[in-house]
Amino acid sequence: MARITWRGSSTQSLFSRWRLQWSYMKHCWHSLTFNAHMNSSYATDVCMTPIFWIVDNYTHCLGPFFVVGVAALTTAVVSIAYWIGLPFWWAKSQLATIFLLLVGNWLLLNVIFHYVMAVITPAGYPPEGVSLVEAVSMCAKCISPKPPRTHHCSVCNRCILKMDHHCPWLNNCVGYGNHRYFFLYMLYTTVGCLFLILFGLEIGYKYLWLDHGDNWTELEPLEGQPVKFNLSGHIIPVTHPHEYDEFVLPPAIHNLPTPLLDTNAPSTGRRRALWFMAFTLVSVVLALGTLSFWHAKLITRGETSVEAHINQAEAKRLLQQQRVYINPYNFGGKKNWKLFLGLVRGRFSGQYYCPPGTRPMALALVFTLSMMLHSKTSGHSRNLTD
């Protein structure tokens, strides 16, 4: 008698072979793509490379459109303020209107001046064709000496002295030559928007909150006696369906006082303009206000946006060695602001309340060299046990 035994691969053996094949494939892939520096940051940089390429190659093309956009937006906001705000305040108080005009135009003058200067003033570039004894390194892209605090801008494709960042809204780099104009533009714009919001609250409350316009719709059924309004605003009951139908009978004449028409009553266009202005002002205050606060912090610490990231990484590295990083360009909050605003050698702060402002007194080569000499005496780091 014969015995037949059926043999088949169990589920466990199939899963084991699948794991073996998967491990083999992973091993092959890792052997072909092995990199000792491979980590999450490196992988993120590789994935972001196409985006960086687009930014580096097309930001300078979009820059003029951003500048035109800033000019158009500023013009629209100022025009709405004169169109709606000026008649409102003039009817309310002529003396207050004159005061608001003086303060508002002073803010507007500073906004325009500092924005134009930030756009047209070069950020500052290392001298070419001369020997730079102040150079501390070589730029791998420019193949030229780099003075202290100099960084390469991939959009401008050149090195920038004391570079902070490349601003598309200026179509220019923010560096040693125009950093002051850039910061004062943000500051005056934020203050100007807060000024318009403060003195426009009453207008917005009256025309956007209390007045609902002509598009009001009754949702509940109407009840009561039908009436009509004459030119005086008085209510007249309708006793006959065609009593006041001008196509059948001429309208009745009433000898009643006629109220004055409100010439400042908001139309649909004015309401839309007020909504646009409110949205724009709040957005600018939130954006530029936050950016101004961030840059004020950096100026107080004596560093730029680029240096803030570098100093943070350096502080973490030295902390692992039980050492504390000291920024060699930090002279203390008060002196940092004086150096940033150029309040040295007899200059006074009043020049920044009314344009024209003054440019930096010398090249960043001499300015940063004096800081480096100071840093040699103070040191860049110290031990935690000191």
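Just above, that's the structure.
Residues numbered from 1 in each chain as written. Predicted model: local features only at pLDDT ≥ 70, side-chain atom pairs only at ≥ 80, totals over all residues. Heavy atoms only, no water.

Engineer: Can you tell me about the nonpolar core, naming the residues and giving the values?
Structural biologist: Counting 40 residues, the largest nonpolar core has Leu-170, Phe-183 and Ile-203 as its most contacted members. Going through the elements one at a time, helix H2 (40-92), helix H3 (94-120), helix H4 (179-210), helix H5 (268-301) and helix H7 (333-341) are the ones with two or more residues in this core. Here Leu-170 is in contact with Val-67, Tyr-115, Ala-118, Val-119 and Phe-182, once residues within four sequence places are set aside. (Core = buried A, V, L, I, M, F, W, Y, C linked by side-chain atoms within 4.5 Å. Buried < 20%, exposed > 50% of the residue type's maximum accessible area, 1.4 Å probe, protein only. Helix = DSSP H or I, 4+ residues; strand = E, 2+ residues; numbered from the N terminus. Contact = heavy atoms within 4.5 Å.)

Engineer: Explain the pairing of strand S4 (residues 158-161) to me, using residue names and the numbers behind them.
Structural biologist: Sheet faces and side chains relate simply in a regular strand, where the side chains alternate between the two faces. Both strand S3 (residues 150-153) and S4 contribute to a ladder of four bridges, which runs antiparallel. When the bridges of S4 are listed, Cys-153 appears paired with Arg-158. The hairpin formed by S3 and S4 contains four residues between the paired strands, and Asn-157 there has a positive phi angle of roughly 60°. (Pairing = 2+ DSSP bridges.)

Engineer: Can you tell me about unusual backbone geometry, naming the residues and giving the values?
Structural biologist: Located in the positive-phi region is Ile-143, a residue other than glycine, with phi close to 55°. Counting through the fold element by element, Ile-143 comes out in the loop between strand S1 (137-138) and strand S2 (145-146). Residue Ile-143 is classed as exposed on the basis of its relative accessible area of 60%. Even without being a glycine, Arg-149 presents a positive backbone phi close to 65°. Mapping Arg-149 onto the fold places it in the loop between S2 and S3. With a relative accessible area of 8%, Arg-149 lands in the buried category.

Engineer: Residues and numbers for the packing of aromatic side chains, please.
Structural biologist: Evaluation of the coordinates by the stated rule reveals 13 aromatic pairs. Between Phe-15 and Trp-18 the ring centres are 6.2 Å apart and the planes differ by 20°, which places this aromatic pair in the stacked class. One end of the pair, Phe-15, and the other, Trp-18, are both in helix H1 (residues 11-33), three residues apart, so they sit about a helical turn from each other. By relative accessible area, Phe-15 is classed as partly exposed at 48%. Judged by centre distance (5.0 Å) and plane angle (50°), the rings of Tyr-115 and Tyr-185 are tilted. You can see Tyr-115 sitting in helix H3 and its partner Tyr-185 sitting in helix H4, a full 70 residues away along the chain. For Tyr-185, a relative accessible area of 12% translates into the label buried. An aromatic cluster of at least three residues, connected via ring pairs, comprises Phe-88, Trp-89, Phe-195, Phe-199 and Tyr-207. The ring centre of Tyr-329 lies 4.3 Å from the NZ or CZ of Arg-149, which sits over that ring. (Phe/Tyr/Trp six-rings, centres within 6.5 Å; stacked < 30°, edge-to-face > 60°. Lys NZ or Arg CZ within 6 Å of the ring centre and 35° of its normal.)

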